[in-house]
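Here's the letter readout for the chains.
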Amino acid sequence: MLDRREFLVGSGAVLAASAITPPASAQGAQLTILRAEKREIEVLGKSARVLRIRQPNGQAGLITDVSTPFRVRLENEIGEPTLVHWHGVTPPWQQDGVPYVSAPPITAGTSASYDFPLTFSGTYWMHSHQEFQEQQLMTAPLIIHDAESRRADQQEIVVLLHDFTFRNPVEIYAALKKPTTASNAGTNMGGMSGMTGSMNGMGGMSAPAAGMDLNDVAYDAFLANDRTLDDPEIVRVEPGGRVLLRIINGASASNFFLDLGHLRGELVAVDGHAVRPISASVFPIAIAQRLDVRVQLPKGQAALPVLATLEGERKRTGIVLAAPNAKVVKIDPLAARATGPLTLDLERTLRAATPLVPKVADRIHRIALTGSMTNYVWSLNDQTYPDTKPLPVTKGERVEFVMTNTTPMSHPMHLHGHVFQVVAINGKRYSGAMRDTVLVPPKTSVTFAFDANNPGRWFYHCHNLYHMMSGMANTVFYE
Ligand SMILES: [Cu+2]
């Protein structure tokens, strides 16, 4: 119960209040302590031992200002090595938090310090990049304000999504590697349940393609700010007020559809970076991506669920926005109909508010997303990390990655240390969103462009944790 209350303070209440507190810059660049800790939470009436990242005052993650240097001491109190990645942020490479790429892990009982200027405001997050700790909920919001977001007359609500399992992720991974025993370990046998689910489709979504694999892992629950729909977080909102939802997909292996029900929202940023606003009720959100959605609330005493439905399934999680006197009714944790697979239908319509300056690429890397479900090996150009040929770039170059997915699963591809722009889907050029993570569905090619402006050695990988752990990763290095 203590955990739950503390998380509430960290997610809803403090964030709402942060809009009226003075910018951190006014207080000087003080050191923030973040602690990696063990904790117990209750999920579906059962206790689970998981991890977390929070400040000594109980706040999960960090809310800061772009004008303030990121000055953090990360204390490791989980009794095993760890390292935390500041996802979407562009630090010097040695502070990027990828074990053995940026720095060695922090040993148990010790700490590491971080100090670098921030470049962008927006919705980011932090997560362990060590072993399977991310699956054990070692994730937290990283919200970076600017003067405009602090001034905005809106209530900010952060929703961190998770997929949750009572099982040890090491065992889940081992079972995936041995398909014959997968059913015993509770995996989805190569996404068969996903295939069933995807046959039903969902209003507004494209028809599912045959032969697609979704959802390798059969999870016990899906969480929004650590809670299921049996006992969701209820955030008090002002009737007729304006809300900014900062949705973070912190799941290890699950894509979702954000579903606002009868509400319409205006998508104003993806992965922290502004897009030309798009109005809709349903938005896809792949693993590791973020959505900033502005919602004008109706007048009247309404309870408004903000839901996230698993791709290809009926399972969902979420929170409730409730007016002070609204009656909150129980929400079915199963949607009426299964969703389809995530597509790039929304991606195609996104336009960066501040795109890259148009420029012909100085260097193009062509990357086939490869792998096999048979023994659960995922790779890039048929190479598994660390037995890969690192990708060279040179400072000052405009670089493009052309990623072609030859596999039956989609892959949320993430590049560290840079912000890229999605510039082509299946060869059709356009001025798409600025992002750090883009989904590449099966039989699809996605091109992103970035300016090589942050020298060092950077991780580039599929953000499905089990795909990454099986080798779907590489490094980018500056020549
Ligand atoms: Cu993948």
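Our structure's up above, just so we're on the same page.
Being a predicted model, the structure only gives us computed values, none of them experimental. (Residues numbered from 1 in each chain as written. Predicted model: local features only at pLDDT ≥ 70, side-chain atom pairs only at ≥ 80, totals over all residues.)

Novice: Give a detailed account of the pairing of strand S18 (residues 303-310), specifying residues and quantitative values.
Specialist: The side chains of a regular strand alternate between the sheet's two faces. Among the eight residues of S18, seven are classified as buried, and the element is accordingly described as predominantly covered. Summarising the sheet, strand S13 (residues 256-259) and S18 pair through four bridges and their orientation is antiparallel. Looking across to S18, one finds that Phe257 is bridged to Thr309. In the sheet, S18 pairs with strand S19 (residues 316-322) via seven bridges, with the strands oriented antiparallel. Looking at the pairing, Ala308 lines up with Thr317 of S19. Here S18 folds back onto S19, and the loop between the two strands holds five residues, one of which, Gly312, carries a positive phi near 75 degrees. (Buried ≥ 20, exposed ≤ 12 C-beta atoms within 10 Å, placed from the backbone. Helix = DSSP H or I, 4+ residues; strand = E, 2+ residues; numbered from the N terminus. Pairing = 2+ DSSP bridges.)

Novice: Run through helix H3 (residues 169-177), naming residues and quoting values.
Specialist: All of the buried residues along H3 are Pro169, Ile172, Tyr173, Ala175 and Leu176. Buried residues along H3 cover an arc of 160 degrees about the axis, so they all sit on one side. Contacts made by the buried residues of H3 are with helix H6 (465-469). (Arc of directions from axis to C-beta. Contact = placed C-beta atoms within 7 Å.)

Novice: Before we move on, can you summarise unusual backbone geometry with the specific residues and values?
Specialist: Comment: phi is negative for the bulk of residues other than glycine, and the bulk of peptide bonds are trans. Residues Tyr385 and Pro386 are joined by a peptide bond in cis, for which omega reads 5 degrees. With respect to the element layout, Pro386 can be found in the loop between strand S21 (377-380) and strand S22 (391-393). Of note in this structure, Asn225 is not a glycine but carries a positive phi near 50 degrees. Here Asn225 lies in the loop between strand S10 (221-224) and strand S11 (234-236). Residue Asn225 is classed as buried on the basis of its C-beta count, with 25 C-beta atoms lying within 10 Å. Located in the positive-phi region is Tyr376, a residue other than glycine, with phi close to 55 degrees. Structurally, Tyr376 can be placed in the loop between strand S20 (363-372) and S21.

Novice: An account of the environment of Ala326 is requested, with residue identities and associated values reported.
Specialist: Inspection of the secondary structure assignment puts Ala326 in the loop between S19 and helix H5 (345-349). Given 18 C-beta atoms within a 10 Å radius, Ala326 is considered partly exposed. Separated by 26 residues in the primary sequence, Ala326 and Gly300 have C-alpha atoms spaced 8.4 Å apart. Setting aside anything within four residues of it in sequence, one finds Ala326 in contact with Gln301, Ala302 and Ala303.

Novice: Break down the sheet that holds strand S15 (residues 273-280) for me, citing the residues and quoting the values.
Specialist: What holds strands together in a sheet is hydrogen bonding between their backbones, with the strands either parallel or antiparallel. Across the sheet, six strands lie side by side as S10-S9-S12-S17-S14-S15; this open sheet has mixed pairing. Sheet topology places S10 and S15 at the edges, where each strand pairs with a single neighbour. Looking at each pair of strands side by side, their axes are set apart by 25 degrees on average, direction ignored. In this structure, strand S14 (residues 265-270) lies alongside strand S17 (residues 290-296), joined through five bridges in antiparallel fashion. Counterpart to Glu266 in the pairing with S17 is Arg294. (Axes fitted to C-alpha atoms, helices over the stretch in contact; angles between N-to-C directions.)

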